Amino acid sequence: MRILWLKSDLLLPLDKGGKLRTWHLMRHLARRHEITYLAFAEPGIPSADVEGMKEVAARVETIARSEPAKETLRFYAGAAMHLVDPLPYAVGKYRSAAFTRRLNELLAEAWFDLIVCDFLFPAVNLRKRLPCPAVMFTHNVESEIWRRHAEMKTGLAGRLLYGAQYRRMLRYEERTLRRFDGVLAVSDADRETFARLYPNAIAQPVHVVPTGVDTDYFAPPISNQPSPISNSALIFTGSMDWLPNEDAMLFFCREVLPIIRTEAPGATLTIVGRAPTPAVKRLAEEHAGVNVTGRVADVRPYMRDAAVYIVPLRIGGGTRLKIFEAMAMGKAVVSTTVGAEGLPVTNGEHIVIADEPRAFARAVVDLIRDRDRRAALEAAARLLVVERHDWSAVAGQLEDALVRFAARGTARAVPYPTPVSTVGLSP
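Residues numbered from 1 in each chain as written. Predicted model: local features only at pLDDT ≥ 70, side-chain atom pairs only at ≥ 80, totals over all residues. Heavy atoms only, no water.

Judged by how many residues are buried, strand β9 (residues 268–272) sits mostly within the fold: four of five residues are covered. Strand direction decides the pairing type here: strand β8 (residues 233–237) and β9, joined by five bridges, are parallel. Within the sheet, the bridge partner assigned to Phe-236 lies in β9 and is Ile-271. Chirality of the crossover, the property in question, places the unit of β8, helix α9 (residues 243–263) and β9 among those that are right-handed. Where β9 meets strand β10 (residues 290–294), four bridges bridge the pair, whose relative direction is parallel. Looking at the pairing, Leu-269 lines up with Val-290 of β10. Of the crossover connections in this fold, the one passing from β9 over helix α10 (residues 278–286) to the parallel β10 is right-handed. (Buried < 20%, exposed > 50% of the residue type's maximum accessible area, 1.4 Å probe, protein only. Helix = DSSP H or I, 4+ residues; strand = E, 2+ residues; numbered from the N terminus. Pairing = 2+ DSSP bridges. Right-handed = clockwise from strand over helix to strand, strands pointing away.)

In structure tokens form, the structure reads like this:
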């Protein structure tokens, strides 16, 4: 097949769960299919990142776009401009005449068997009538993330602001999904949520392409020995400019870590991930034994040195790739229900689930103290992902789904017009 893949950013560097998921799946698809990749890119991005994309795409096209840093004047000014926009802010900021124009040119220049829209955001630049079948490749249910944000806010202003964004995302998500021939979800839980929220919006049954992991890259040390019983190091990994991850770390450091330290006073926490927000950086100043690394070249040494991998997400959504990476490395994981939502894991066998601060702290302390219990979780976790969730198996499921959706959608495809001015052509 000839596939046009639309994304809001380049995949390199591989520093986000969504990027990693797309990269590994595209890498397998590229062996048998021709992929043209169109995405936004920050001005001045290293040419090596663009060239590196050719490992997964035959052709790479970029549109310049700059994202303001969080909590800066430019960030707040940009957000304020979208207060009255009917589109949710997370979508409206990707509306681009330049992206739409280049997209139209590509579709007019060549025939594609399928368009893959990776996340909801690029869809804001798609014309309503398309010349070939199109698939929405989701990594979460966006409206659910915003609903949970709104529920977590304690102040009236925050509840109103996030509540408005949630309602806009709910409308946009339904309207957008309706336009596609197929929808791909990351889990059965997300598929059920789509069916509940939008029962009449999706043309075909939602197909699940689960999370995978590179089990050769993420692997325990050769000795495969459990962490020493004296080790009370905790770790969290993820993109630290993503609001659910920021909320998770603020919640853990303020409400859970102090409880842990009443029984394990030497417990430390390392927060590993790109672009930590000012609020996350301050955690290292406010709490002894908390280290915020920012971007690192390789997360594995940090993970290997930790006794327990924590996932205290309260808002959630996304690929949950971080949990599978930890499990592949043979780490004992303590997660909230939201953090492990949609993953085929058994509480008490592969990971430990706990939601309230005291229950979460109790689970962590028990694993720090009980070496045998920790070793049993580590072994079971590694076995599960090796047997069922290596990327090669997952990519085969994606390819089968794309071929079926391409065949089903051909009947409704329409000729594409010669590119014209595209300003204001949002769905």
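So, next bit.
All right, on to the pattern of salt bridges then. With the rule as written, the count across this model stands at 28 salt bridges. Arg-295 serves as the salt-bridge partner of Asp-15, at 2.4 Å between the closest nitrogen and oxygen. Of the two residues, Asp-15 is situated in the loop between β1 (2–7) and α1 (17–29) and Arg-295 in the loop between β10 and α11 (300–304); the sequence distance between them amounts to 280 residues. For Asp-15, a relative accessible area of 14% gives the class buried. For Arg-295, a relative accessible area of 48% translates into the label partly exposed. The closest approach of N and O atoms between Lys-54 and Glu-51, which form a salt bridge, is 3.2 Å. Residues participating in the shared-partner salt-bridge network are Asp-15, Lys-19, Asp-241, Arg-274 and Arg-295. (Salt bridge = Lys/Arg side-chain N within 4 Å of Asp/Glu carboxyl O.)

Read across the open sheet, the seven strands follow the order β3-β2-β1-β4-β5-β6-β7; overall the sheet is parallel. The two strands at the open ends of the sheet, each matched to only one other strand, are β3 (59–64) and β7 (207–208). Relative to β7, strand β6 (residues 182–185) is paired through two bridges, and the arrangement is parallel. Residue pairing for β7: Leu-184 is matched across the bridge by His-207. Contacts from α1 reach β1, β2 (34–41), β4 (114–118), β5 (134–137) and β6 within the one sheet, and its direction differs from that of β1 by about 170°. (Contact = heavy atoms within 4.5 Å. Axes fitted to C-alpha atoms, helices over the stretch in contact; angles between N-to-C directions.)

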